[in-house]
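# A structural walkthrough
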Amino acid sequence: MMNHRTIAQALRAGGPEVIEVNREDLAPLQKGEVLVRVKAAGLNHVDSLVRSGSYSFQFPFPYGVGVEGAGVIEDVGANVSLQAGYRVCWTGVFGSCANYVIANADMLTALPDELSFEVGASLAHAGLTAGGLARHWPLQKGSYAVVWGAAGAVGRLLVAFLAEHGVHVIGIASGHRVDVVLASGAVHAIDRTSRDVKQAVLAFTNQQKVAAVFDPVGAETFQTNLELIAPRGCLINYGQLSGSLPTIDLKQLMMTGSIFVTKYGPGGVSGATEMRTMIGAALSLASSRPVLIGSSRRFPLTRTADAYRAMDSGVTDKVLVLPDEPVH
């Protein structure tokens, strides 16, 4: 077993400038743990929120950054059924921006041979989020739902999951990315940069409001969302790209039609078995529908801080850290 690793660490609360790449010892494997050689790590916006030190979930500094990745099992501890050489992917494992990671075997999902490590590191977190969202507010077959950010990693998979259950999805994206939304399974796609979203949604539905809105944007779209939801429908927020949601006015919800508002988060999935099932479902979908994979931007491990700067700048590609990538 390797006795050391190279890892990107956040030394204190702050932006990407607080990230340094260091060398540290690896602890011996405990029961149920495996050592994985990381081939690709995926970055997510929640990483930056945690690193800010003000998020609801906090981690003591210094800590290894990144929670998502894919790689090959190198060694296993006691009571582990997996074997060295297995290809796996994961999310929820802190310190994934490293050349090696020690993880509980239950956190790992088998990565199909036809999917690359980069795909595994791009879809694990998104697949878990999309799978949890799709079942968070059960929708009847034939109902309408609006999905903001429908061309993103989570959005594409969420559109596909909902469409597979017979939900008519109206996806919101920007520019030519509406084509990806339609290819993912939406019945209609709206370019938010050229059309008024509320008017465009209601025009498509014949002025009927929708059963649910899935939104990672937050403050900027909140009022529009309330005006789109049918009585007893639900706004499912799962992000705050434009800022936190405003304080909820219960009277406003009543007057709008007794609608519901919920915020989806990590507590939406119970246990490792459920997590692996959702990630596996996303990988299966991607195997048959490559449009769900999307493009990526790659950085070597030594440039992890630059990788986070790119993600925070709003690039539409998935940002990956590749430990074996040569420094440019």
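Residues numbered from 1 in each chain as written. Predicted model: local features only at pLDDT ≥ 70, side-chain atom pairs only at ≥ 80, totals over all residues. Heavy atoms only, no water.

Turning to its location among the elements, Glu 33 is positioned in strand β3 (residues 33-42). Measuring from C-alpha to C-alpha, the distance between Glu 33 and Asp 196 comes to 51 Å, with 163 residues separating the pair along the chain. Residues contacting Glu 33, with those up to four places away along its chain left out, are Pro 28, Val 76, Gly 77, Val 80, Ile 102, Ala 103, Asn 104 and Ala 105. (Helix = DSSP H or I, 4+ residues; strand = E, 2+ residues; numbered from the N terminus. Contact = heavy atoms within 4.5 Å.)

This next bit is on the sheet that holds strand β2 (residues 19-25). Neighbouring strands of a sheet are bound in pairs by backbone hydrogen bonds; such pairs are parallel or else antiparallel. Read across the open sheet, the 3 strands follow the order β2-β1-β4; overall the sheet is antiparallel. Each edge of the open sheet carries a strand with a single partner, namely β2 and β4 (63-64). Bridge count for strand β1 (residues 4-10) against β4 is 2 bridges, and the pairing is antiparallel. In the strand pairing of β4, Gln 9 is matched with Gly 64. (Pairing = 2+ DSSP bridges.)

One pass over the full model with this rule turns up 6 aromatic pairs. When the centroid spacing of 5.3 Å and the interplanar angle of 75° are considered together, the rings of Phe 59 and Tyr 63 count as edge-to-face. Overall, the relative accessible area of 5% leaves Tyr 63 in the buried class. Ring centres of Tyr 144 and Phe 204 lie 6.4 Å apart, and the angle between their planes is 80°; on these two criteria the pair is classed as edge-to-face. Here the residue Tyr 144 occupies a position in strand β9 (residues 144-147), and Phe 204 occupies one in helix α5 (residues 197-204), the gap between them amounting to 60 residues. The class for Phe 204 is partly exposed, based on a relative accessible area of 32%. (Phe/Tyr/Trp six-rings, centres within 6.5 Å; stacked < 30°, edge-to-face > 60°. Buried < 20%, exposed > 50% of the residue type's maximum accessible area, 1.4 Å probe, protein only.)

This part covers the environment of Arg 37. Structurally, Arg 37 can be placed in strand β3. Arg 37 sits 37 residues away from Glu 74 along the chain, and the two C-alpha atoms are 6.3 Å apart. With residues up to four places along the chain from it excluded, the contact list for Arg 37 reads Ala 70, Gly 71, Val 72, Glu 74, Asn 99, Tyr 100 and Asp 324. Looking at Arg 37, its side chain comes within polar contact range of the side chain of Asp 324, at 3.1 Å. (Polar contact = N/O pair within 3.5 Å; in protein donor to acceptor, adjacent residues only side chain to side chain.)

Here we come to helix α9 (residues 304-312). Inspection of α9 places Thr 304, Ala 305, Ala 307, Tyr 308, Ala 310 and Met 311 among the buried residues, and these make up the whole buried set. In this fold, the buried residues of α9 make contact with β1, β2, α1 (45-51), β15 (296-300) and β16 (318-322). Gly 314 sits one or two residues past α9 and shows a positive phi near 95°.

What follows concerns unusual backbone geometry. Here the bond from Phe 61 into Pro 62 is cis, since omega is -10°, no more than 30 degrees from zero. Phi at Asn 206 is positive, roughly 65°, even though this residue is not glycine. For Asn 206, a relative accessible area of 66% corresponds to the exposed category. Phi at Ser 258 is positive, roughly 50°, even though this residue is not glycine. On the basis of relative accessible area, Ser 258 is assigned to the partly exposed category, the value being 41%.

It is worth spelling out the side chain of Arg 177 at this point. For Arg 177, the location among the structural elements is in the loop between β10 (168-173) and α4 (178-183). Of the side chains with opposite charge, Asp 317 comes closest to the buried, unpaired Arg 177, at an N-O distance of 6.0 Å. Only 3.3 Å separates the side chain of Arg 177 from the backbone oxygen of Ala 151, close enough to count as a polar contact. With sequence-adjacent residues up to four places away left out, Arg 177 is seen in contact with Ala 151, Gly 152 and Thr 316. (Lys, Arg positive; Asp, Glu negative; His and termini not counted. Salt bridge = Lys/Arg side-chain N within 4 Å of Asp/Glu carboxyl O.)

Below, the discussion takes up the pairing of strand β12 (residues 210-215). Burial of β12 is extensive: 5 of the 6 residues sit out of reach of the surface. Bridging between β9 and β12 involves 3 bridges; their strand directions are parallel. The residue of β12 that forms the bridge with Val 147 is Phe 214. Alignment of β12 against strand β13 (residues 229-237), held across 5 bridges, turns out to be parallel. Along β13, the bridge assignment pairs Val 213 with Leu 235.

Another aspect to go through is the pattern of salt bridges. Pairing is possible between side chains of opposite charge, provided their charged atoms come close. Applying the stated criterion to the full structure yields 12 salt bridges. Between Glu 68 and Lys 318 there is a salt bridge; the shortest N-O distance is 2.8 Å. Of this pair, Glu 68 sits in strand β5 (residues 68-76) while Lys 318 sits in strand β16, and the two are 250 residues apart along the sequence. Neither residue differs from the other here; Glu 68 and Lys 318 are each classed as buried. One salt bridge in this structure joins Glu 274 and Arg 135, with 2.8 Å as the shortest N-O distance.

Overall, parallel pairing links the 6 strands, which are arranged β11-β10-β9-β12-β13-β14 in an open sheet. Two strands bound the open sheet, and with one partner strand each, they are β11 (188-191) and β14 (260-263). Across the sheet, the mean angle separating the axes of adjacent strands is 15° when strand polarity is ignored. Pairing of β9 with β10, which is carried by 4 bridges, proceeds in the parallel orientation. Across the sheet, Tyr 144 pairs through a bridge with His 168, a residue of β10. In this fold helix α3 (residues 153-164) packs onto β9, β10 and β12, with an angle of close to 170° to the strand it touches most, β9. (Axes fitted to C-alpha atoms, helices over the stretch in contact; angles between N-to-C directions.)

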